[in-house]
Every structure is written in structure tokens, then in C-alpha cells.
Amino acid sequence: MGLWGFVARRLALSVVVLAMVSVGTFSLAHALPGDPLSSVISERQANNPEVRAAFEKRWGFDRPLPVQYLYYVRNLLRGDLGESIAKRRPVSDELKQRVPATIELTLFAMGFAVLVGVPLGIVSAVRHDRWPDHLARFLTLIGTSVPVFWLGLLLLYVFFYRLQWLPGPGRLDVGMRPPATITGMVTLDALLARDWDVLGTALKRLVLPAIVLGAYAMGIVARMLRSSLLSALGDDYVRTARAKGLVERRVVAGHALRNALIPTVTVLGLTVASLLAGAVLTETIFSWPGVGSFAVDAALKLDYPGLLGVTLVVAVVYVLVNLLVDIVYGILDPRIRAA
Amino acid sequence: MAIAPPRPHAARRTSGAPGHAEADGAGIKGAVAGRRRTPLGDAMRTLRTKPLALAGLGVIAAWLLLGLLAPVLPIQDPNHQALGDKLQPPGAGHLFGTDDLGRDMISRVIYGARISVPAGILVILLTGAFGSLLGAVAGYVGGAVDALIMRAADAILSFPSIILAMAITAARGGPGLENALLAVGVVLWPEYARVMRGQVLAIRANEYVTAAEAVGADRWRVLFRHILPSTDAPLIVKATLDVGAAIVLTAGLSFIGLGAVPPDAEWGAMIKQGADKGLQYWWYAAVPGIAIMSVVMGLNFFGDGLRDALDPRRRGR
């Protein structure tokens, strides 16, 4: 199958999954206890007859269920996710403000995962079954075994409370003026505004949460790279390269690593889901004003519109990332397209 | 022509008990079962050579045993409050310190094992069985049933597990260990369905399945007697590793306040209480955290060893 046929098929499949996702959140909204309106507005608002009538009309709550679903999808496509009970404003406005914070944290976490995971994976494979390998495997095991929330507390205790090397929870120092919002990511905005003080503070405050959030992905990347590099090092073309008399470093970097990185890239894409999940706990511990802490806040306050909004947005992001990863993989490895 | 489908389980049951093997309808197997190398026997022999896997198994067994024996161990009642002794650091009186109500941390962590570990195992057993069954049906029946089950699985898999679990817990009316466990079960079944479906698709292509169908065995019999007994290794490994995931997910829900509620001695809830108190009382969160970590690492070591042991290609590496 050609590349475009493959892309078209994957796109169609994603649309189907997105439709299933919307059915999922719609069902969740209808599984809520009590008033169906509680999935879009607060009880206080629902008690006001005028507001109630307006929302019933907007969300079609007086119509049969299948028609209600169509209303739901229409509203979603317009970006209308209801009113957050906890924040008393549209869920979409709240999310617009919080999504950049989560993206910023996630990008730094992925950076950590790659910068630490890739060298660990290479060392592990090249020094197979010797002490660097054992050490690297132990580190990756820690990364994948330690619960995110506990690692967060541990690092805060050591580096913030005890050693005082790094700042504690929060995105900026108390009283520090954030730079003018352009992208919503403080580091990038500070860079654009050439506000070096804010940039330095923001970076320092990203170190711990990024390590905590990225630890799991780091473990996965290192493991994957180790195993694919090990198998690549046993392949014929590597033997050929060695037989030609290439130095080992060039055999590894120039030949084996290139092929071993393909599955690693895919796995890295798939860890985005784990990062989004981990963000919930990481943001809670580090008081990070992102989507995850909003989800927790919404869940605890039974802010159903807020929680359903986050659930939907995160699922959509996840589906799109998977689509992207699949397409990239299809480009890198044509055999995948046939599967 | 008598066609004997390979039935690994039957062979395994008879292993180690030479002479007791019953001759069944096929009539061939019983005679040789006693001396034959069985997959399970091979796996056990491999497992015995893996110290990390055995250590992992030991850790899990120790926690289960501690939890089981908690009431007869010489430890305090986990809910016994001694306000004069509150927030004591680890020391002579209380080896792992006390919490903000003066309750002994050792006793709370050991009683916590009675909740967290069996809950994780139970959730995986139930959700694994449910997901595997759905996956088996999807793979064997195919068509619209397959499409329906697998698209539902896809939809659930497109939500990060903790967020979906949060939504389910909230939709069930808020915090509570039962709600949290239900949510964990709901988010984990689709992976079992996927793995099982893949296995069933591969196995049903075998000739002995075609043969069973050809002699007129009904579909359920083919599925349960001929296909399902041949599936196992990847699912067992996955289930082992997932018990750890379920424990962490449940603890995570408790940590954000959606799982177990006080005064339950659940590990995640204890970490939350400790974190709320402040970093100076480090042992409050550290002790239950170490407990969770040891169980999860134990399960990971054991699961990895099990995977190597059950996979003939990896044996001896």
C-alpha cells in the first residue's frame, strides 16, 4: 500500500475512535447521579428556571437520547464544553489557559526522558551484562517502578527541603510577575520577552516536576533502546561493518543505533499517554496550574463539566498523538503500512 | 482419524505425578506424560535460576503473609490513637514512627498490606478474566461482535487510565475504595481483550481447530476446549506485571483523594496524609511509599523472570 493510502486509512480509523471517545464521555455524562444538567452546569444554575431552560435547549436535554448525542457533538465541535462549577466560567476558557502549562511540563519531561534514557539504553546494550548495564537497568527499573506521587515527594524532600538546591512547588516565585502571555508557556514567553530573571526561575522550577514526570518514560525509552540495540548488534550488517574494520564506535553510532532508534521513537510517542496520566499526579504535587491539577480539582469538587471536558480533551490529544506516531512509523518503516 | 489437540494444561497437571496420568480419549498422552518434559516444568526450572525473580516472589509472599498474620503479630491496633505520641520520628518506641494521631506506622503499613495487595490481585483476576473472555469471543466469533468489542476497547484505551478512572469514580458519586477499584477494573480490561484476541486469532488458524470444527464441535466447545487451553503465557506475565500497575493506580486515586478514605490504612491514602502534614515528617509518607515500591518492584522482577521462563526463545539468556 502506498503512503497516502496508509495515511488515509489511519485517519479514518482515528475518526472512528474519536467518535467512540465522544460516545464514551457522553455515556459518562449520562451515568452521573441525579440531574442530567449537572454534566454541563452547577446545581445552583440549574435551579434558576431561566438558565435551566436556556441550557436544556442548548444541550437538547428535552430530546430523545440519540438526538441529545447529536447536540452534544455539535457543541463539542463548537468548542462548547459547558460551564465549570469549580471555576465558574466556561470549561473551554479554563482549559485554554491550562493546556500550555501542561504542554510545557510534558515537553521538558520528554526532554529528560530522551536525554537520560537514550544514553542509558546505549550504555546498557554496548556493555551488555557488565556493571554499567546492571546499573543502567537498575535506574530504569526505579523509573518504571516508583509511583509518580512518591518520587515527587522524595525529590522535594531531598532537593528542596533538605539540600535547598531547587525551589519547591509552583511555577514562579511568589510575587514574581509572569511575562506577557503569548504562548502560555512561561519559559517561552520569558524568552520572547527577554526576561532572563523569569526565565531562570521558570527553568529551575521545571527541573523537579520534569524529572518526576519523565522518569517513567525515561525507563521505557532506555529499556526499548537497550533491547532493540542488542538485537541490531547481532545482525549481519553489523558483522559486515565490523568485518570492514570499522571502529566499534562507528559501528554502534553509524549502523546499529540508526535502526534501533526506530522502535524507540515509536515507544516515545506512545509514552505521551503515560505522561498525560502522570501529569495529573505530578501537577498535584508541584501545584502546577495545568490540565491535570484542574482534573483533580474538578473530580474532588464533583465539577462534572470540568472533569468531562478534561477527559475529552486529553483523549483527543492522545488519539491525535497516536495517529502522528503511526504515520511517522509508516514513513520510517514501509513494512508497517501493510499491517 | 483421531486428532489430539495439544492440551498443555492437561499435560501439566499430570507432570510430577507419574503413573497417575489418566488415559483420555486420545489415548496417546497418558502413557508418556510421566517422563515428558513439560512446558511448566521447563519454566519452573528456568525460574529457579533467576535470583531476581525469586527475590521478587519472596517479597510479594512476605507482604501477603504479613497482611494475613497481621492480627496475630505483636503490633499495635492500626487505629489505636495515642495523641501524646503523635508525629514521632522513627526510633526506639516506634520503629517507623507514628502519624498525626499517634498511630504506629509499622502496624498501619502492615494492615495496609491487607488492603492494597489483595485488592490489586483481585482486580486483575476479575478484569483479566473479563477482558480475556471478551477478547476470546471477539477473536473467535469475528464480524460485528468483534468490531463492537474491539472498538469499545479502543475507546477506553484512548483515555489515559487515571483520568478515566477519576471520571468513573466521580460519576459513581465520589471517593471510596470500592469506586476506585471498580474504575481500575474498567480501565484495564481492554488490554487483556486485545492480547487474548490476538492469541485466539493465531490459534484458530491451526489445523486441530479446523479439525474440531469439521467434526461438528459447537463453537463454544471449540473455544473453551481447544483454543483457550493453548493460550496463556503472555497473559500470565501481563497479569503479574499489572497487579503492580493496579496497586499504583489505586494508590494514586487515593493520593488525590478519590480512593480509600480515612481511617482506612490504605497505602496511597497514608502517603497523601503524610504529604499534607509537611515534608519535615518525612517518615509519614516514606514508609507506605517504600511498601508500595517494594511490592511493585517485586512484581516487576517476578514478572520479568516469568516472561523469560515461559518464553522458550528467551530461556538461558
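Residues numbered from 1 in each chain as written. Chains lettered and ligands numbered in written order. Predicted model: local features only at pLDDT ≥ 70, side-chain atom pairs only at ≥ 80, totals over all residues. Heavy atoms only, no water.

Helix and strand counts for chain A come out as 14 helices and two strands. Within chain A, residue pairs in contact and separated by at least 24 positions form 68% of the contacts whose partners lie at least 6 positions apart. Per element, the accessible surface of chain A, about 16500 Å² overall, is 64% carbon and sulfur. Within chain A, the 24 negative side-chain charges are centred at a point lying 7 Å from the centre of the 34 positive side-chain charges. (Helix = DSSP H or I, 4+ residues; strand = E, 2+ residues; numbered from the N terminus. Contact = heavy atoms within 4.5 Å. Areas by Shrake-Rupley, 256 points an atom, 1.4 Å probe, with all protein chains shown as cover. Lys, Arg positive; Asp, Glu negative; His and termini not counted. Charge placed at Lys NZ, Arg CZ, Asp CG, Glu CD.)

To continue, consider the overall build of chain B. The secondary structure content of chain B amounts to 13 helices and zero strands. Along its sequence from the N terminus, chain B presents helices and strands in the succession α-α-α-α-α-α-α-α-α-α-α-α-α. Looking at chain B as a whole, 52% of its 317 residues are labelled buried. Long-range pairs, those at least 24 residues apart, make up 70% of the contacts in chain B with a sequence separation of at least 6. Only carbon and sulfur atoms are counted for the fraction: they give 63% of the accessible area of chain B, which is about 14600 Å². (Buried < 20%, exposed > 50% of the residue type's maximum accessible area, 1.4 Å probe, protein only.)

Time to look at the interface of chain A and chain B. With 44 residues of chain A at the contact, the number on the chain B side is 41 residues. A buried area of about 3500 Å², summed over both sides, lies between chain A and chain B, and 84% of it is on carbon and sulfur atoms. A per-residue breakdown of the area chain A buries against chain B is headed by Phe149(A), Trp150(A) and Leu153(A), which together make up 18% of the total. Where Arg223(A) meets Asp304(B), a salt bridge forms, and the shortest distance between an N and an O atom there is 3.6 Å. Applying the counting criterion to the chain A and chain B interface returns three residue pairs in polar contact (both at pLDDT 80 or more). Contributions of two or more residues to the side of chain A that touches chain B are made by helix H1 (3-31), helix H6 (131-145), helix H7 (148-162), helix H11 (248-285), helix H12 (291-300) and helix H13 (304-332) of chain A. Sorting elements by how many residues they give to the side of chain A that touches chain B places H13(A) first, with eight residues. (Buried area = accessible area lost by both parts, 1.4 Å probe. Salt bridge = Lys/Arg side-chain N within 4 Å of Asp/Glu carboxyl O. Polar contact = N/O pair within 3.5 Å; in protein donor to acceptor, adjacent residues only side chain to side chain.)

Residue and element names in this part refer to chain A. A cluster of nonpolar residues, Ile182, Leu188, Leu191, Leu192 and Trp196, forms a patch on the protein surface that exposes about 520 Å² of accessible area. Here the nonpolar patch takes three residues from helix H8 (residues 186-192), the largest share from any one element. Tracing the backbone shows Leu192 in helix H8. (Patch = residues over 30% accessible without salt bridge, like charges linked within 9 Å, V, L, I, M, F, W, Y side chains within 5 Å.)

With 155 residues, the main nonpolar core has Phe149(A), Ile162(B), Met166(B), Leu253(B), Ile256(B) and Trp267(B) as its most contacted residues. Not counting residues within four places of it along the chain, the set of residues in contact with Leu253(B) comprises Ile162(B), Ala165(B), Met166(B), Thr169(B), Ala180(B), Val184(B), Leu258(B) and Gly259(B). (Core = buried A, V, L, I, M, F, W, Y, C linked by side-chain atoms within 4.5 Å.)

Moving on to the UniProt feature "transmembrane region" (unreviewed entry) in chain B. Taking the UniProt record as the reference, the feature "transmembrane region" (unreviewed entry) is found at residues 52-73, 115-140, 235-261 and 281-303 of chain B. Note that residues 115-140 of chain B is 100% helix and 0% strand, and that its end C-alpha atoms are spaced 37 Å apart. (UniProt positions renumbered as here; feature names shortened; annotations may be inferred.)

Moving on to the packing of helix H5 (residues 105-141) of chain B against helix H10 (residues 219-227) of chain B. Residues and elements named next belong to chain B. Orientation of H5 relative to H10, taken along the N-to-C sense of each, is 120 degrees, at an axis distance of 11 Å. Of the possible angle classes, the one that applies to H5 and H10 is oblique. In the crossing of H5 with H10, the sense of the turn from one axis to the other is right-handed. Contacts between H5 and H10 pair Leu133, Ala136, Val137, Tyr140 and Val141 from the former with Arg219, Trp220, Val222, Leu223, Phe224 and Ile227 from the latter. Class assignment of the residues belonging to the contact of H5 with H10 gives a composition of ten nonpolar, no polar and one charged. (Axes fitted to C-alpha atoms, helices over the stretch in contact; angles between N-to-C directions. Parallel < 35°, antiparallel > 145°, perpendicular 65-115°, else oblique. Left-handed = near helix turned anticlockwise from the far one by under 90°. Nonpolar A, V, L, I, M, F, W, Y, C, P; charged D, E, K, R; others polar.)

This part covers the packing of helix H5 (residues 91-126) of chain A against H6(A). Residues and elements named next belong to chain A. Their axes nearest at 8 Å, the elements H5 and H6 cross at an angle of 140 degrees. Taken together, the axes of H5 and H6 lie oblique to each other. Once H5 is placed against H6, the crossing between them reads as left-handed. Counted together, Leu120, Val123 and Ser124 of H5 and Pro132, Asp133, Ala136, Arg137, Leu139 and Thr140 of H6 form the full contact between these two elements.

Here Arg103(B) lies in the loop between helix H4 (51-69) and H5. Those residues in contact with Arg103(B) that sit more than four places away from it in its chain are Pro78(B), Asn79(B), His80(B), Gln81(B), Gly97(B), Thr98(B), Arg108(B), Pro263(B) and Gln273(B).

Let us look at the pattern of salt bridges. Close approach of charged atoms allows side chains of opposite charge to pair. Summed over the entire model, instances satisfying the criterion amount to 22 salt bridges over all chains. Where Asp99(B) meets Arg108(B), a salt bridge forms, and the shortest distance between an N and an O atom there is 3.6 Å. A residue is classified by how much of its surface remains accessible, and Asp99(B), at 0% relative accessible area, is buried. Residue Arg108(B) is classed as buried on the basis of its relative accessible area of 1%. Residue Asp276(B) pairs with Lys272(B) through a salt bridge whose shortest N-O separation is 3.3 Å. Pair noted here: Asp276(B) and Lys272(B) are both in helix H12 (residues 267-277), with a separation of four residues, about one helical turn. Using a relative accessible area of 56% as the deciding quantity, one classes Asp276(B) as exposed. With relative accessibility at 27%, the residue Lys272(B) sits in the partly exposed group. Each of the salt bridges in this network shares a partner with another, and the network as a whole consists of Lys87(A), Asp297(A) and Lys301(A).

This brings us to a positive patch on the surface. Residues and elements named next belong to chain A. On the surface, Lys57, Arg63, Arg74 and Arg78 cluster together into a patch of positive charge. In this fold, Arg78 is placed in the loop between helix H4 (65-77) and strand E1 (83-84). Take Arg78: its relative accessible area is 60%, and that puts it in the exposed class.

A few words now on the packing of aromatic side chains. One pass over the full model with this rule turns up twelve aromatic pairs over all chains. Geometrically, the ring pair formed by Phe159(A) and Trp165(A) is tilted, given 5.9 Å between the ring centres and 45 degrees between the ring planes. Trp165(A) sits in the exposed class, given a relative accessible area of 59%. Linked through ring pairs, Tyr157(A), Tyr161(A), Tyr281(B), Trp282(B) and Trp283(B) together constitute an aromatic cluster. (Phe/Tyr/Trp six-rings, centres within 6.5 Å; stacked < 30°, edge-to-face > 60°.)

Residue and element names in this part refer to chain B. Inspection of the secondary structure puts Arg197 in helix H8 (residues 177-204). For the pair Arg197 and Leu133, spaced 64 residues apart in sequence, the C-alpha to C-alpha distance is 9.0 Å. Contact partners of Arg197, with chain neighbours within four places excluded, come to Gly135, Ala138, Gly139, Asp146 and Met150.

So, about the environment of Ala291(B). Residues and elements named next belong to chain B. Relative to the assigned elements, Ala291 resides in helix H13 (residues 282-310). Taking the C-alpha atoms as reference, Ala291 lies 20 Å from Leu101; in sequence the two are 190 residues apart. Contact partners of Ala291, with chain neighbours within four places excluded, come to Trp63, Val109 and Trp267.

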